[in-house]
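# Summary of the model geometry
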Amino acid sequence: MTTSTLPPVSAASPIPVKSLLPWAVFGTLLFALLLYFVGAEQGATSLVSGHMVHEFVHDGRHLLGFPCH
C-alpha cells in the first residue's frame, strides 16, 4: 500500500483594506436599495408604478417588522 503526503499549507495573508473598500461600499449600497424596496416602496415614495413590488416583498415586510396594512 502506498501513502501520500500533502504539501504544507501556507498561512493566509490578510486582505488589504484598499482592496476591500470598494466591495464594502457596493454591499452597503446594495443593502440600502434592498431595504428601500422592502420597507418603503409604496405610496408617495414609489419608484415603480403599481403594487407589484409591494406584493412581491409583502411577507418580507412583515418578517422585518415594517407595517403595511
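First things first, this report covers the structure right here in the doc. (Residues numbered from 1 in each chain as written. Predicted model: local features only at pLDDT ≥ 70, side-chain atom pairs only at ≥ 80, totals over all residues. Heavy atoms only, no water.)

### Section: the overall build of the chain
From N to C terminus, the chain includes three helices and zero strands. Classification of the 69 residues of the chain by burial places 12% in the buried group. In the chain, 17% of the contacts between residues at least 6 apart in sequence involve partners at least 24 apart. Accessible area of the chain: about 6,300 Å², with a carbon and sulfur share of 73%. (Helix = DSSP H or I, 4+ residues; strand = E, 2+ residues; numbered from the N terminus. Buried < 20%, exposed > 50% of the residue type's maximum accessible area, 1.4 Å probe, protein only. Contact = heavy atoms within 4.5 Å. Areas by Shrake-Rupley, 256 points an atom, 1.4 Å probe, with all protein chains shown as cover.)

### Section: a nonpolar patch on the surface
A surface patch of nonpolar side chains, about 600 Å² in accessible area, is lined by I15, L20, W23, F26 and L30. Along the chain, the position of L20 falls in helix α1 (residues 17–39). (Patch = residues over 30% accessible without salt bridge, like charges linked within 9 Å, V, L, I, M, F, W, Y side chains within 5 Å. Salt bridge = Lys/Arg side-chain N within 4 Å of Asp/Glu carboxyl O.)

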